[in-house]
Amino acid sequence: MPSFKPAYLICGDDHGRIAERRARLRMIAERESGASGAEVLEGDGATPELLAAALSTMTFALGRRFVIVDGVERWKDREVTELLQGPLADIPPDTTVALFAREEGRLRAPASLRAAVEAVGGEISEEAKVKPWELPKWVCAQARHLGLGLDLDAARALIGLVGERQQRLVRELEKLALDLGYGGRVTVELVEELASTSSERRVWSLADALVARDRAAATRLYLALDGQGERLPGMVHWIAQRLRTALDVAGRLEQGESPAELRRSLRMPRAAAERFVEDVRGTDPPSLRRALEALAELELDSRGSSPLEERTSVLRAIAVIAA
C-alpha cells in the first residue's frame with residue numbers, strides 16, 4: 001500500500017501537467033477511500049476559510065481521507081497565516097491535503113502556504129514549462145527515464161512531429177518505449193515510422209498539394225488540420241522536409257535521371273512515389289527554392305515577427321508557394 005504525506009502543494013505554470021496530477025490523485029482517492037473518493041474544493045468553494053472548516057469536521061468514511069483544493073494561487077499570505085496555520089499543523093494522521101496552484105504572472109502560491117506544507121513534512125512539487133530551446137534536452141532526459149536511447153536530432157524530429165506540449169511528447173515516448181522495449185534506440189527514422197499519426201499523413205497530403213501547386217487543395221487541407229488543433233511548427237517541419245525532397249528530385253530530373261529510377265529511390269509506397277515524381281515534373285528547382293524561402297518566412301512569422309494572425313500568414317504563404 002502506498003504511503004502518503006499529510007500535505008502536498010503542486011504548483012507551476014505547466015497547467016496541463018498539473019491537471020494530470022489532479023486527475024490521477026482523484027483516481028487514487030477513489031481506490032483508497034472507496035465510494036467516498038476525494039473531497040474537492042474548487043471555484044468559490046476553494047478558500048482558506050472553507051478548507052479550515054473541512055479539516056475541523058469529523059468524517060466517518062472508511063480509509064484515508066483526501067481533500068483536494070484547486071486554485072490556491074489566488075490565496076493571500078495573510079489569509080493562510082490567520083486561517084490555516086493551526087488546521088494545517090494539526091492534520092489528522094489519516095488525512096491528506098493536496099493543494100493545486102496554476103501559477104501565471106503574479107498569481108503564485110503564497111509563501112506562507114509553502115512554509116506550512118513544509119512544516120508538517122509535506123511535499124512541494126514544481127511543474128514548470130520547459131523553455132522551447134531547452135525542449136530537445138528535456139525530451140532526451142524523459143526518454144532515458146523510460147529506458148530509451150534518443151539523441152538530439154531524434155528529439156527535434158519528435159518535437160516537430162507532435163509539437164511542444166510536454167504531455168503529448170511524453171505520451172509519444174511511452175508509445176515508443178512499448179514498441180522498442182527497455183534499452184531501445186530511437187532514431188529519426190524510427191520517430192517518423194513509429195510515431196506517425198493520421199494527422200501526419202494529412203500533413204504529407206498538404207505538402208504534396210504544395211509541390212503540385214494545387215492552392216485549393218492545400219488551403220482545404222490546412223484549414224482541416226488547423227481545425228483539429230494541429231500546431232504550425234509540426235506542419236512546417238514536415239512540409240519543409242517534403243519540399244527539400246522535391247527539390248532533390250527536380251535537380252536529379254534536370255541531370256537526366258529517369259523517373260523510374262527516382263521512384264525506386266523514394267521511401268514511399270509505389271503509387272505515392274509515382275504521383276510525387278509527376279508533381280515534381282510539373283515544377284522546377286527555382287520554384288521549389290522560392291517555396292522553401294516562403295516556408296522559412298512563415299516559420300519566422302509564427303515566432304512573433306509578423307503582426308498578422310497565424311492563419312492569415314499561412315494562407316498567404318500557401319498562395320505564394322502555389323503561384
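Scroll up a little and you will see the structure.
Notes on the structure follow. (Residues numbered from 1 in each chain as written. Predicted model: local features only at pLDDT ≥ 70, side-chain atom pairs only at ≥ 80, totals over all residues. Heavy atoms only, no water.)

**As for empty space enclosed by the protein**
Enumeration over the complete set of coordinates arrives at three cavities of 30 Å³ or more. Put simply, the second largest cavity is a space of about 80 Å³. In this structure, the second largest cavity is lined by L206, L210, Y222, L232, V236, I239, L295, L298, V314, A317, I318 and I321. Mapped by element, the contributors of at least two residues to the lining of the second largest cavity are α9 (198–211), α11 (232–254), α14 (285–305) and α15 (310–321). (1 Å grid on protein atoms, 1.4 Å probe; cavity = no way out; pocket = protein on both sides within 12 Å on 5 of 7 lines; lining within 4 Å. Points joined across faces, edges and corners; volume = space filled by probe spheres on them. Helix = DSSP H or I, 4+ residues; strand = E, 2+ residues; numbered from the N terminus.)

**Some thoughts on helix α3 (residues 77–89)**
By the largest-angle criterion, L83 marks the main kink of α3, which is about 50 degrees, and a proline, P87, follows within four residues. All of the buried residues in α3 are V80, L84 and L88. (Bend = angle between axes of the 7 residues up to and from the residue. Buried < 20%, exposed > 50% of the residue type's maximum accessible area, 1.4 Å probe, protein only.)

**What about the packing of helix α6 (residues 152–162) against α11?**
One way to put it is that α6 packs onto α11 with a least axis distance of 6 Å and a crossing angle of 115 degrees. Taking contact as the criterion, the partners of A157, G160 and L161 in α6 are, on α11, P233, G234, H237 and W238. Its residues placed into classes, the contact of α6 with α11 shows four nonpolar, three polar and no charged. (Axes fitted to C-alpha atoms, helices over the stretch in contact; angles between N-to-C directions. Contact = heavy atoms within 4.5 Å. Nonpolar A, V, L, I, M, F, W, Y, C, P; charged D, E, K, R; others polar.)

**Considerations on the sheet that holds strand β3 (residues 65–70)**
Strands sit in the order β2-β3-β4-β1-β5 across an open sheet of five strands; the sheet is parallel. Since the sheet does not close on itself, it has two edges, and those belong to β2 (38–41) and β5 (123–126), each with one partner. Going across the sheet, the axis of each strand differs from the next one's by a mean of 15 degrees, ignoring polarity. Two strands pair when backbone bridges link them, and β2 and β3 are joined in this way by four bridges, in the parallel orientation. Bridge pairing links E39 to V67 in β3. (Pairing = 2+ DSSP bridges.)

**Points about the packing of helix α2 (residues 48–56) against α3**
With their axes 9 Å apart at the nearest point, α2 and α3 run at an angle of 15 degrees to one another. With respect to α3, the element α2 is oriented roughly parallel. Considering only the axes of α2 and α3, their crossing is left-handed. Seen from α2, the contacting residues are P48, E49, L51, A52 and L55; seen from α3, they are E79, L83, L84, P87 and L88. In the contact of α2 with α3, the residues fall into eight nonpolar, no polar and two charged. (Parallel < 35°, antiparallel > 145°, perpendicular 65-115°, else oblique. Left-handed = near helix turned anticlockwise from the far one by under 90°.)

**Regarding the packing of aromatic side chains**
Applying the stated rule across the entire model yields one aromatic pair. The interplanar angle of 90 degrees and the centroid separation of 5.2 Å between the aromatic rings of F4 and F66 together place this pair among those described as edge-to-face. Separated by 62 residues along the polypeptide, F4 in the segment before β1 (7–12) and F66 in strand β3 bring together distant segments of the chain. Across the ring face of F276, the terminal group of R242 is positioned such that the distance to the ring centre comes to 5.3 Å. (Phe/Tyr/Trp six-rings, centres within 6.5 Å; stacked < 30°, edge-to-face > 60°. Lys NZ or Arg CZ within 6 Å of the ring centre and 35° of its normal.)

**Topic: the nonpolar core**
If you look at the biggest cluster of nonpolar residues, it comprises 60 residues, and the most contacted ones within it are V139, L150, L169, L206, M235, I239 and L243. The element best represented in this core is α11, accounting for 10 residues. Ignoring sequence-local partners within four residues, the contact set of L169 consists of L135, W138, V139, L158, I159, V162, G163 and E164. Core analysis: the second largest hydrophobic core is formed by 23 residues, A52, W75, V97 and L99 among them. (Core = buried A, V, L, I, M, F, W, Y, C linked by side-chain atoms within 4.5 Å.)

**Points about the environment of R102**
Position of R102 relative to the elements: it lies in strand β4 (residues 95–102). Once residues within four sequence positions are removed from consideration, R102 is found in contact with G12, H15, I18, A19, R22, D70 and E73. Polar contacts involving the side chain of R102 include one to the side chain of D70, which spans 2.5 Å. (Polar contact = N/O pair within 3.5 Å; in protein donor to acceptor, adjacent residues only side chain to side chain.)

**Focus on the pattern of salt bridges**
When the charged atoms of two side chains lie near each other, side chains of opposite charge can form a pair. Enumeration according to the criterion identifies 22 salt bridges in this entry. Here R102 and D70 are joined by a salt bridge, their closest N and O atoms 2.5 Å apart. Linking R102 in strand β4 with D70 in strand β3, this pair joins segments that are 32 residues apart in sequence. Relative accessible area serves as the criterion here: at 11%, D70 is assigned to the buried category. Put simply, E257 and R252 hold a salt bridge, and the shortest N to O gap is 2.9 Å. Where salt bridges share partners, they join R17, E20, R21, E127, R171 and E174 into one cluster. (Salt bridge = Lys/Arg side-chain N within 4 Å of Asp/Glu carboxyl O.)

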